[in-house]
Amino acid sequence: MKIVVLNEEKMNYDHLLDFHQLGDDVDVYAYSSDEEILERVRGATIVITKELVLSNEMVEAFDDSIKLIIEAGTGYNNIPLATCQKKGIMVCNIPAYSSQRVAQTAIMLMLNLASSMQVQLRMLERKDHSNFTKYLQVSHVELNDKVLGVVGYGHIAKETIKIAMAMGMKIVVASRTPRQDHDGIHFTTLDELLKMSDVVSLHCPLNEQTYHMIASSQLALMKPTAFLINTARGALIDEQALIAALQKKEIGGAGLDVLEHEPPLDNSPLYDMDNVIITPHMGWKGKETRERLYQIIKSNVDHYLAGDPINVVNGTSR
């Protein structure tokens, strides 16, 4: 049985993991272009990718030998599930491996925006020490007693809520499934959440229903002092609409670990805006998180070979 890892460098940029230990016949590629993928997966049984877009046409052309695709992450919007289903290819993901680390990234972005850390660091870079020699020259607000609006209610959302509640924040949630209020959490609609919240944090998958769920009309509902946090998928937000809202000071700021275009273009205004913090999709990249990712990938492989597949996302049991 042959296993092919198509883009190892996405998961193993510091070479601390050994994907060759997944089986007896494992081909590992640092990166694979569209032109290289079909040749590299020929004769394989299991294909492992990380956020690599596989088109319908590409999967249609896959060998019949391929029985399992493992998306080495939580989101699987990059894989055509219906086409895989038609070809009898099982698709598995890696749920909840990064929940705590991504939640910590969301909280980090909130705290940094609340203390204008981006502005303070840039002042130091240009040798402006006035925050030390005068009263603090930048906005600096508490998060306790502020309203955190969480969009989505999965593993990462719940971890974020746990930390935020420990910090004394008030929690409102908009989720796909209607729920009754419980444990100090108020469930409401997205529009009401946007109006109420001092911080809005996105924690939902990217699909046809959630693409650009935050666009101009939604941004217009937010408080002019509110922060928007995204550690989920970049295309949940209409990036151009967000840039316009930030430039016009229609919202207070944004903390973005994911972007609609990754990496952003060199001339993207997001790099230089004082009310924006961007990070390079780092929420899942901690050493411990990636070690956990590897272990769940191995568990997916082992369970599949034992005839007891886990973490299946497309219903195929072949």
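Residues numbered from 1 in each chain as written. Predicted model: local features only at pLDDT ≥ 70, side-chain atom pairs only at ≥ 80, totals over all residues. Heavy atoms only, no water.

Quick look at the UniProt feature "domain: D-isomer specific 2-hydroxyacid dehydrogenase catalytic" (unreviewed entry) in the protein
Part 1 of the reasoning: Using the residue numbers shown here, the UniProt feature "domain: D-isomer specific 2-hydroxyacid dehydrogenase catalytic" (unreviewed entry) corresponds to residues 22-314.
Part 2 of the reasoning: For residues 22-314, the end-to-end C-alpha separation is 23 Å, with 34% helix and 14% strand making up the annotated structure. (UniProt positions renumbered as here; feature names shortened; annotations may be inferred. Helix = DSSP H or I, 4+ residues; strand = E, 2+ residues; numbered from the N terminus.)

Regarding the sheet that holds strand 1 (residues 3-5)
Part 1 of the reasoning: Sheet architecture is open: five strands sit in the order 2-1-3-4-5, paired in parallel fashion. A single partner strand is all that each edge strand has here, and the edge strands are strand 2 (26-28) and strand 5 (90-92). Strand-to-strand twist of the sheet, defined as the mean angle between neighbouring strand axes without regard to direction, takes the value 15°.
Part 2 of the reasoning: In this sheet, strand 4 (residues 68-71) lies alongside strand 3 (residues 46-49) in parallel orientation, the contact comprising four bridges. Looking at strand 4, one finds that Ile 46 is bridged to Leu 68. (Pairing = 2+ DSSP bridges. Axes fitted to C-alpha atoms, helices over the stretch in contact; angles between N-to-C directions.)

Here we look at the packing of aromatic side chains
Part 1 of the reasoning: Within this structure, the stated rule accounts for two aromatic pairs.
Part 2 of the reasoning: With a centroid separation of 5.5 Å and an interplanar angle of 80°, the aromatic rings of Phe 19 and Tyr 294 are classed as edge-to-face. On the criterion of sequence distance, the pair formed by Phe 19 in the loop between strand 1 and strand 2 and Tyr 294 in helix 11 (residues 287-305) is long-range, its members being 275 residues apart. Each member of the pair, Phe 19 as well as Tyr 294, is classed as buried. (Phe/Tyr/Trp six-rings, centres within 6.5 Å; stacked < 30°, edge-to-face > 60°. Buried < 20%, exposed > 50% of the residue type's maximum accessible area, 1.4 Å probe, protein only.)

Considering the domain arrangement of the protein
Part 1 of the reasoning: Looking at the assigned domains, one finds that the protein contains domain 1 (3-95 + 286-306) and domain 2 (98-278).
Part 2 of the reasoning: Taking the mean C-alpha position of each, domain 1 and domain 2 sit 31 Å from one another.
Part 3 of the reasoning: Of the residues lining the interface, four residues belong to domain 1; the matching set on domain 2 comes to four residues.
Part 4 of the reasoning: In this assembly, domain 1 packs against domain 2 so that about 520 Å² is buried in total across both faces, 43% of it on carbon and sulfur atoms.
Part 5 of the reasoning: Counting the surface domain 1 buries against domain 2, the share from its top three residues, Glu 51, Asn 77 and Thr 289, is 58%.
Part 6 of the reasoning: Linking domain 1 to domain 2 there are zero salt bridges.
Part 7 of the reasoning: Linking domain 1 with domain 2 are zero residue pairs in polar contact (both at pLDDT 80 or more).
Part 8 of the reasoning: Class assignment of the residues belonging to the side of domain 1 that touches domain 2 gives a composition of no nonpolar, three polar and one charged. (Domains from an automatic or database assignment. Contact = heavy atoms within 4.5 Å. Buried area = accessible area lost by both parts, 1.4 Å probe. Salt bridge = Lys/Arg side-chain N within 4 Å of Asp/Glu carboxyl O. Polar contact = N/O pair within 3.5 Å; in protein donor to acceptor, adjacent residues only side chain to side chain. Nonpolar A, V, L, I, M, F, W, Y, C, P; charged D, E, K, R; others polar.)

A few points about the sheet that holds strand 7 (residues 170-174)
Part 1 of the reasoning: As summarised here, the arrangement of the seven strands in space is 8-7-6-9-10-11-12, forming an open sheet in which the pairing is parallel. The sheet terminates laterally at strand 8 (185-187) and strand 12 (276-278), the two strands that pair on one side only. The average angle at which neighbouring strand axes cross in this sheet is 15°, direction not considered.
Part 2 of the reasoning: Pairing of strand 6 (residues 147-151) with strand 9 (residues 199-202), which is carried by four bridges, proceeds in the parallel orientation. Bridge pairing in strand 9 places Val 150 opposite Ser 201.

Considering the packing of helix 4 (residues 99-114) against helix 7 (residues 155-166)
Part 1 of the reasoning: Closest axis-to-axis distance for the helix 4/helix 7 pair is 8 Å, and the angle between their directions is 50°. Looking at the two axes, helix 4 sits oblique to helix 7. The chirality of how helix 4 crosses helix 7 is right-handed. Where helix 4 approaches helix 7, its residues Ser 99, Gln 100, Val 102, Ala 103, Gln 104, Ala 106, Ile 107 and Met 110 are matched on the opposing element by His 155, Ile 156, Glu 159, Thr 160, Ile 163 and Ala 164.
Part 2 of the reasoning: Each residue belonging to the contact of helix 4 with helix 7 can be placed in one class, and the counts come to eight nonpolar, five polar and one charged. (Parallel < 35°, antiparallel > 145°, perpendicular 65-115°, else oblique. Left-handed = near helix turned anticlockwise from the far one by under 90°.)

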